[in-house]
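Read off the chains here:
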Amino acid sequence: MSKSKLEYIWLDGHEPTQNMRSKTKVEENFSGKLEDCSMWSFDGSSTEQASGGASDCLLKPVAIYPDPARENGYLVMSEVLNADGTPHASNARAAIDDDNNDFWFGFEQEYFLMDTKTDLPLGFPRGGFPGPQGKYYCSVGGRYTWGRDFVEEHADLCIKAGLNFEGINQEVAPGQWEFQLFAKGAKKAGDEIWVARYLLDRLTEKYGYYIEYHPKPIKGDWNGSGMHANFSNTTLRTCGSKETYEAICEAFRPVAEKHIDVYGAYNDERLTGLHETAHVSDFSYGVSDRGASIRIPIITVEKGWKGWLEDRRPASNADPYKVAGRIIKTVKSAKI
């Protein structure tokens, strides 16, 4: 008789930024299949999702991955439901309108690796600053690179878990890194970002680090952190029309504020018009323009306007479910 450890992962009800929660359920003779993951419950009064007098919330398993760091372990991404089985108000995944998985997403997750002893990013000396930006992006060598052993281990964990992990690189500021994930289907893309974040956060316990997802943790002339959203649907992948691309981009203009509302807290501190960002109050798009709200990749143009778009506004602390859901709604509203 074998026993398996199922780590149920969910998002709590904290505002303005939800946190991950998880707990372990031990099952005998578990098949490893999602359909054999049972519903579970938790104390919602401890996660800002219920009152003490009616505290039970339900966990509905929606995706499962092998846990690369635990023997006979699995990672079970879960939606939060009310006691009556309806989606909880904090459950943005259930509201995504992509049941046919027509939308594909590639998220670029930036973050800062923080030292628990100094509460500063790796590479920042206590009481001072490292040299200015310019030599850290995609750097190599101990003078300009910090945390490589950590990010390499995280990449290995994600790959072993079966995530569609596509790459890593050091970013523009010291201690700032990025990983990329791609998935066909908005819900799956969100699942994989959250599971990758879970593995990232859990790994910090081993190193004495923590992850800072705030979009502008270091004030001044330092880059902030985003979660650029590359997206496409059948129309974008096949239309071959500049006019169609422009019509879809224009659909974002009148709802720009609604996008910013779900693109992460404190994002105005990052979207200043500097450091490869558009200003939070502006909306723009352009070919190969990293200072625009939406970048039209040059490869899309070179392939005859068949490809994808990149929304550069989502912050590093944004919920990928909310980001994807809002993008889908806007794209579907385009008059083409």
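All residue numbers refer to positions counted from 1 along the written sequence of the respective chain. With the structure being a predicted model, the display of local features is reserved for residues of pLDDT at least 70 and the display and counting of side-chain atom pairs for 80 or more, all residues being used for whole-chain, interface and lining totals. Hydrogen atoms and water are omitted, and side-chain values are computed over all heavy atoms in the structure.

Caption draft 1: Inspection of the nonpolar core at higher detail. Counting 65 residues, the largest nonpolar core has Phe105, Tyr111, Leu113, Phe150, Leu309 and Ile327 as the members making the most contacts within it. A run of H or I in DSSP becomes a helix once it reaches four residues, and a run of E becomes a strand once it reaches two; helices and strands are each numbered from the N terminus. Looking at this core element by element, the count peaks at ten residues for helix α2 (residues 186-207). Once residues within four sequence positions are removed from consideration, Ile327 is found in contact with Phe105, Ala229, Phe231, Phe252, His259, Tyr263 and Asp311. Residues Cys37, Cys57, Leu59 and Tyr74 belong to the second largest nonpolar core, which totals twelve residues. As used in this record, nonpolar core signifies buried Ala, Val, Leu, Ile, Met, Phe, Trp, Tyr and Cys residues forming a set joined through side-chain atoms within 4.5 Å. Three labels apply to residues, based on accessible area from a 1.4 Å probe with only protein chains included: buried if under 20% of the type maximum, exposed if over 50%, partly exposed otherwise in between. When checking whether two residues touch, look at their non-hydrogen atoms; a contact exists if any pair is within 4.5 Å.

Caption draft 2: Summary view of the packing of aromatic side chains. Think of it this way: a Phe, Tyr or Trp ring, Trp meaning its six-membered ring, pairs with another when their centres are within 6.5 Å, and the plane angle makes it stacked under 30 degrees, edge-to-face over 60, tilted otherwise. What the rule picks out here adds up to 19 aromatic pairs. Ring geometry for Tyr136 and Tyr144: centres 5.8 Å apart, planes at 70 degrees, overall edge-to-face. Summarising the aromatic geometry, the rings of Phe150 and Tyr209 are spaced 5.7 Å apart at their centres and angled 65 degrees between planes, so their arrangement reads as edge-to-face. In this pair, Phe150 sits in helix α1 (residues 148-160) while Tyr209 sits in strand β10 (residues 209-212), placing the two residues 59 residues apart along the sequence. According to the relative accessible area criterion, Phe150 is buried, its value standing at 0%.

Caption draft 3: Broad picture of helix α7 (residues 320-333). The first and last C-alpha atoms of α7 sit 20 Å apart over 14 residues, in line with the 20 Å expected at 1.5 Å per residue. For α7, every residue scored as buried is listed here: Pro320, Tyr321, Val323, Ala324, Arg326, Ile327, Ile328, Thr330 and Val331. The length a helix should cover is 1.5 Å for every residue beyond the first.

Caption draft 4: Expanded view of the sheet that holds strand β3 (residues 40-43). Strand order in the open sheet formed by five strands is β2-β1-β5-β4-β3, with mixed pairing between adjacent strands. Lying at the two open borders of the sheet, with one neighbouring strand each, are β2 (20-28) and β3. If you compare each strand with its neighbour and ignore which way they point, the axes differ by 40 degrees on average. Where strand β1 (residues 3-11) and strand β5 (residues 73-81) come together, five bridges link them in parallel fashion. What makes two strands pair is DSSP finding at least two bridges between them. The convention used is that axes are lines fitted to C-alpha atoms, helices contributing only their stretch in contact, and that angles between N-to-C directions extend from 0 to 180 degrees.

Caption draft 5: The packing of α1 against α2, seen in detail. Their axes nearest at 10 Å, the elements α1 and α2 cross at an angle of 135 degrees. Considering their axes alone, α1 and α2 lie oblique with respect to each other. Here α1 and α2 pass one another in a crossing that is right-handed. Between α1, through Asp149, Phe150, Glu153, His154, Leu157 and Cys158, and α2, the contact on the second element is made entirely by Ala196, Leu199, Leu200, Leu203, Thr204, Lys206 and Tyr207. Considered class by class, the residues forming the contact of α1 with α2 number eight nonpolar, two polar and three charged. Comment on the angle field: the value is read as roughly parallel under 35 degrees, roughly antiparallel over 145, roughly perpendicular from 65 to 115, and oblique elsewhere. A clockwise turn of the near helix away from the far one marks a right-handed crossing, whereas an anticlockwise turn of less than a right angle marks a left-handed crossing. Note on residue categories: nonpolar means Ala, Val, Leu, Ile, Met, Phe, Trp, Tyr, Cys or Pro, charged means Asp, Glu, Lys or Arg, and polar means any other residue, Gly included.

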